[in-house]
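Okay, here's what each chain looks like letter by letter:
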Amino acid sequence: MRARILAVLAYIGAAVTLLIAACVPFVLMGVFSNAVAHAGLHLDPSYSGGTIVRTVAHSGYQMDVYAPVRPRALQQVAAFVQIAFRPVAALPRHVSEEIDLDGDGQPDVRVSFTVPADPHARPSGEVVALNAKYQSFTMPGNYSFSEMMVQSGGAVVVRVPLR
């Protein structure tokens with residue numbers, strides 16, 4: 001009789017242990033999430049594009065100009081300035097704009113692109129540098145992290161490389 005009671009208690013203990021083990025990740029997920037949120041972690045500007053320094057409103061859409069991003073030590077990214085045209089649904093089929101990237105009142109680049117109907121396709125177009133501080137490029141063409149034209153997050157994002 002005593003052996004039977006010990007066996008039942010052992011099975012109950014094993015079942016409770018499995019139940020606790022199955023529930024621990026759900027309980028601790030909130031603790032881990034709060035710890036990460038309060039740790040002050042953030043995305044590197046070379047991935048996020050930096051911070052928005054100026055927003056230009058157009059009829060139905062807006063253009064965000066970001067601060068220049070310069071690589072840190074050991075990063076394999078060339079310096080660039082990011083521009084975002086949003087929302088994609090409000091953009092005209094073909095966009096062509098002269099943009100002041102450094103805020104001096106003079107246009108620095110001319111960005112022209114065609115918004116594809118497929119939201120997963122890359123826009124085709126070109127960036128023409130109007131002064132020596134920036135580089136021109138054409139899409140489709142070379143794809144680098146600092147020279148691109150893509151649809152992402154409801155916007156057309158253009159990265160203009162610095163010389």
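Note that this is a predicted model, so its numbers are computed, not measured.

Can you break down the domain arrangement of the protein residue by residue, with the values?
Per the domain assignment, the segments of the protein are domain 1 (1–41) and domain 2 (45–161). Each of domain 1 and domain 2 was reduced to a C-alpha centroid, and the two centroids are 50 Å apart.

Hey, could you go over the nonpolar core for me, with residue numbers and the actual values?
Counting residues in each nonpolar core, the largest one holds 25 residues, and the members touching the most others are Phe85, Ile99, Leu101, Val111, Phe113 and Val158. Only β2 (62–66), β3 (80–86), β4 (94–99), β5 (109–114), β7 (137–139) and β9 (155–161) provide two or more residues apiece to this core. Apart from residues no more than four positions distant in its own chain, phenylalanine 113 is found in contact with Phe85, Leu91, Arg93, His94, Val95, Pro123, Ser124, Gly125, Met149 and Val156. Membership of the second largest hydrophobic core comes to six residues, among which are Ala84, Val150, Ala155 and Val157.

So what about the sheet that holds β2? Which residues, and what values?
Read from one edge of the open sheet, five strands run β1-β2-β3-β9-β8, paired in antiparallel fashion. Both edges of this open sheet fall to β1 (52–57) and β8 (148–152), since each of them pairs with a single strand only. Sheet twist, expressed as the average angle between the axes of neighbouring strands with direction ignored, equals 20°. Here β8 runs beside β9; their pairing, made up of five bridges, is antiparallel. Looking across to β9, one finds that serine 152 is bridged to alanine 155.

So what's going on with the sheet that holds β4? Which residues, and what values?
With respect to topology, four strands assemble into an open sheet ordered β4-β5-β6-β7, the strand pairing being antiparallel. Looking at which strands have only one partner, the edges of the open sheet turn out to be β4 and β7. Taken pair by pair, the neighbouring strands of this sheet meet at an average axis angle of 5°, ignoring direction.

For the pattern of salt bridges, give the residues involved together with the corresponding values.
Counting across every chain of the model gives three salt bridges. We note a salt bridge from arginine 110 to glutamate 98, for which the minimum N-O separation is 3.5 Å. Here the residue arginine 110 occupies a position in strand β5, and glutamate 98 occupies one in strand β4, the gap between them amounting to twelve residues. A residue is classified by how much of its surface remains accessible, and arginine 110, at 31% relative accessible area, is partly exposed. Its relative accessible area of 48% is what places glutamate 98 among the partly exposed residues. Here lysine 133 and aspartate 102 are joined by a salt bridge, their closest N and O atoms 2.4 Å apart. Linking lysine 133 in the loop between β6 (124–129) and β7 with aspartate 102 in the loop between β4 and β5, this pair joins segments that are 31 residues apart in sequence.

Please set out the pairing of β9 residue by residue, giving values where relevant.
Of all seven residues in β9, seven are buried; the element is thus mostly enclosed. Residue alternation in β9 divides its side chains into two sets, Ala155, Val157, Arg159 and Pro161 and Val156, Val158 and Val160, and both sets are buried. Bridge count between β3 and β9: six bridges; the pairing is antiparallel. By the bridge assignment for β9, phenylalanine 85 is matched with valine 156. Hairpin connection from β8 to β9: two residues lie between these consecutive antiparallel strands, with glycine 153 at a positive phi of about 60°.

Can you break down the environment of histidine 42 residue by residue, with the values?
Inspection of the secondary structure assignment puts histidine 42 in the loop between α1 (2–37) and α2 (45–48). Judged by its relative accessible area of 67%, histidine 42 falls in the exposed class. Taking the C-alpha atoms as reference points, histidine 42 and glycine 13, 29 residues apart in sequence, are found 43 Å from one another.

Could you give me a rundown of α1, with the residues and numbers involved?
With 36 residues, α1 should cover 52 Å at 1.5 Å per step; its first-to-last C-alpha distance of 52 Å lies within 8% of that length. In the structure, α1 departs most strongly from a straight axis at cysteine 23, where the bend amounts to approximately 35° and where the proline proline 25 lies between one and four residues downstream.

So, how was this worked out
Residues numbered from 1 in each chain as written. Predicted model: local features only at pLDDT ≥ 70, side-chain atom pairs only at ≥ 80, totals over all residues. Heavy atoms only, no water. Domains from an automatic or database assignment. Core = buried A, V, L, I, M, F, W, Y, C linked by side-chain atoms within 4.5 Å. Buried < 20%, exposed > 50% of the residue type's maximum accessible area, 1.4 Å probe, protein only. Helix = DSSP H or I, 4+ residues; strand = E, 2+ residues; numbered from the N terminus. Contact = heavy atoms within 4.5 Å. Pairing = 2+ DSSP bridges. Axes fitted to C-alpha atoms, helices over the stretch in contact; angles between N-to-C directions. Salt bridge = Lys/Arg side-chain N within 4 Å of Asp/Glu carboxyl O. Expected span 1.5 Å × (residues − 1). Bend = angle between axes of the 7 residues up to and from the residue.

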